Amino acid sequence: MRMHDPFEESLRDLLKASPHSDHDDDATLGRVLKTANRQVGAGDLFSLMGHWLEAMMIALNNGSPHLAPVSRRNASVRSADKAD
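Rules behind the numbers
- Residues numbered from 1 in each chain as written.
- Predicted model: local features only at pLDDT ≥ 70, side-chain atom pairs only at ≥ 80, totals over all residues.
- Heavy atoms only, no water.
- Helix = DSSP H or I, 4+ residues; strand = E, 2+ residues; numbered from the N terminus.
- Expected span 1.5 Å × (residues − 1).
- Buried < 20%, exposed > 50% of the residue type's maximum accessible area, 1.4 Å probe, protein only.
- pLDDT = per-residue confidence, 0-100.

An unreviewed UniProt entry annotates the protein chain as CrfX protein originating from Metapseudomonas resinovorans.

Rendered as structure tokens:
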């Protein structure tokens, strides 16, 4: 089932209003719209990957302080202080 697209409908109306020529306007419009949809889809896909990469970089940046090495010696001194 095809979705109603006002832009596509206006293009079809313009083609129907123009004088007829030797080639098939519906087929030409179909090819143009198919190519446009592919280009938009590819752009959306690259945009999604860019946002995903940005989110991963933010997560790594925010999580990197939590990856600092912890000394066991400091932890035992702190626990001894708490016992006093």
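Still more ground to cover, so stick around.
Chemist: How would you explain helix α2 (residues 25-63) if you had to name every residue and give the values?
Modeler: Note that an α-helix has 3.6 residues per turn; residues three or four places apart therefore point the same way. Between its terminal C-alpha atoms α2 stretches 56 Å, which fits the 57 Å expected from 39 residues at 1.5 Å a residue. Residues D25, L29 and L33 constitute the buried set of α2.

Chemist: An account of the confidence of the model for the protein chain is needed here, citing residue identities and associated values.
Modeler: Per-residue confidence for the protein chain gives a mean pLDDT of 76; residues scoring 70 or more make up 68%. The secondary-structure element of the protein chain with the lowest mean pLDDT is helix α3 (residues 72-83), recorded at 57, while α2 shows the highest, at 87.

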